[in-house]
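Observations on the model geometry
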Amino acid sequence: GQQLNQSPQSMFIQEGEDVSMNCTSSSIFNTWLWYKQDPGEGPVLLIALYKAGELTSNGRLTAQFGITRKDSFLNISASIPSDVGIYFCAGQGSVNRDDKIIFGKGTRLHILP
Amino acid sequence: DTGVSQDPRHKITKRGQNVTFRCDPISEHNRLYWYRQTLGQGPEFLTYFQNEAQLEKSRLLSDRFSAERPKGSFSTLEIQRTEQGDSAMYLCASSPRRSATEAFFGQGTRLTVV
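Just so we're clear, the structure is a prediction, and the values are computed from it rather than from any experiment.

1. Brief notes about the overall build of chain A
Check the secondary structure of chain A and you find zero helices and eleven strands. Seen in sequence order, chain A has helices and strands lined up from the N terminus as β-β-β-β-β-β-β-β-β-β-β. Taken against the 2.2 N^0.38 rule, which gives 13 Å for 113 residues, the C-alpha radius of gyration of chain A at 14 Å falls within 12% of a compact globule. Once the C-alpha set of chain A is aligned to its principal axes, its extents read approximately 45 × 30 × 20 Å. Out of the 113 residues in chain A, the part that is buried amounts to 45%.

Take a look at the structure:
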């Protein structure tokens, strides 16, 4: 079945540092989505990407849809304490016209005091 | 509209009991998804609906699980004869139309089977 591999699994950074995480897939997706989840809450959509090569920003967040349609990355610039949480990539819509959304296992972001 | 609403937020049940969760999607969203999330994992797809039609069910959804969306608005997920392995967060999400794929999640129902 389709699998999404996220890396790194966790990150420990200093406040103010830039962060980069990525996601690769064994198959092609038509849409890539990035979500953030805080403890005890549902995931919140950060960025949606629809076209191969697309680069999209949302404040300090920037994400790109890879040219091969099998990968995506998310960058966070100048991290702040509220960036702590789990970031999930998700892909939707494969060549099999499968519309379910598949999630990676997440990247846990920790900010050191 | 305040987003996707799930009820209850928490449920503790004894093994063997049946439980039912409800999801109210964002108004006019015709696609509705159910996911299960265990500690340290990403959400795992269970099933989804386009209006009232259930389009796909995961192999994770054993015959003890059933989901309905009778009028194409709210949905219910029932688990019969609960087992300890069913303990998880059950998440519901909705999206506005087939071509708009952003799915918005509710806060989830945390199930604990004791």
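Here the narrative resumes, following the displayed structure.
2. Structural notes on the pattern of salt bridges
The tally for this structure, following the rule as stated, stands at six salt bridges over all chains. Between Arg60(A) and Asp83(A) there is a salt bridge, with the nearest N and O atoms lying 2.8 Å from each other. Of this pair, Arg60(A) sits in the loop between β6 (55–58) and β7 (61–65) while Asp83(A) sits in the loop between β8 (71–76) and β9 (85–92), and the two are 23 residues apart along the sequence. According to the relative accessible area criterion, Asp83(A) is buried, its value standing at 5%. The partner of Asp24(B) in a salt bridge is Arg22(B), with the nearest N and O atoms 2.7 Å apart. Accessibility expressed as a relative area gives 34% for Arg22(B), which makes it partly exposed. Several salt bridges converge on common partners, so that one network encompasses Arg64(B), Glu83(B) and Asp86(B).

3. Some remarks on the sheet that holds strand β7 (residues 65–68) of chain B
Residues and elements named next belong to chain B. Strands sit in the order β1-β3-β8-β7 across an open sheet of four strands; the sheet is antiparallel. With partners counted over all chains shown, the strands left at the sheet margins are β1 (5–7) and β7, one partner each. Across the sheet, the mean angle separating the axes of adjacent strands is 15° when strand polarity is ignored.

4. Considering the pairing of β6(A)
All names here are of chain A. As defined by bridge partners, β6 adjoins β7 across four bridges and the pair is classed as antiparallel. Of the residues in β7, the one forming a bridge with Thr56 is Ala63. The antiparallel pairing of β6 with β7 creates a hairpin that spans two residues between the two strands, and Gly59 there sits at a positive phi of about 65°.

5. Comments concerning the interface of chain A and chain B
In this complex, chain A contributes 21 residues to the contact, which on the side of chain B involves 22 residues. Connecting chain A to chain B are one salt bridge. For Lys100(A), the salt bridge goes to Glu56(B), with nearest N and O atoms at 2.8 Å. Our enumeration of links across chain A and chain B arrives at eight residue pairs in polar contact (both at pLDDT 80 or more). Within the residue set of the side of chain A that touches chain B, elements represented by two or more residues are β4 (31–37), β5 (44–49), β9 and β10 (101–103) of chain A.

6. Quick look at the sheet that holds β6(A)
Residues and elements named next belong to chain A. In space, the five strands of this open sheet follow the order β1-β3-β8-β7-β6, with antiparallel pairing throughout. This sheet does not close on itself; its edge strands, each paired only once, are β1 (4–7) and β6. The sheet shows a mean angle of 15° between the axes of neighbouring strands, direction not considered. Of the pairings in the sheet, the one linking β1 to strand β3 (residues 19–25) comprises four bridges and is antiparallel in character.

Rules behind the numbers
- Residues numbered from 1 in each chain as written.
- Chains lettered and ligands numbered in written order.
- Predicted model: local features only at pLDDT ≥ 70, side-chain atom pairs only at ≥ 80, totals over all residues.
- Heavy atoms only, no water.
- Helix = DSSP H or I, 4+ residues; strand = E, 2+ residues; numbered from the N terminus.
- Rg over C-alpha atoms; globule rule 2.2 N^0.38 Å.
- Buried < 20%, exposed > 50% of the residue type's maximum accessible area, 1.4 Å probe, protein only.
- Salt bridge = Lys/Arg side-chain N within 4 Å of Asp/Glu carboxyl O.
- Pairing = 2+ DSSP bridges.
- Axes fitted to C-alpha atoms, helices over the stretch in contact; angles between N-to-C directions.
- Contact = heavy atoms within 4.5 Å.
- Polar contact = N/O pair within 3.5 Å; in protein donor to acceptor, adjacent residues only side chain to side chain.

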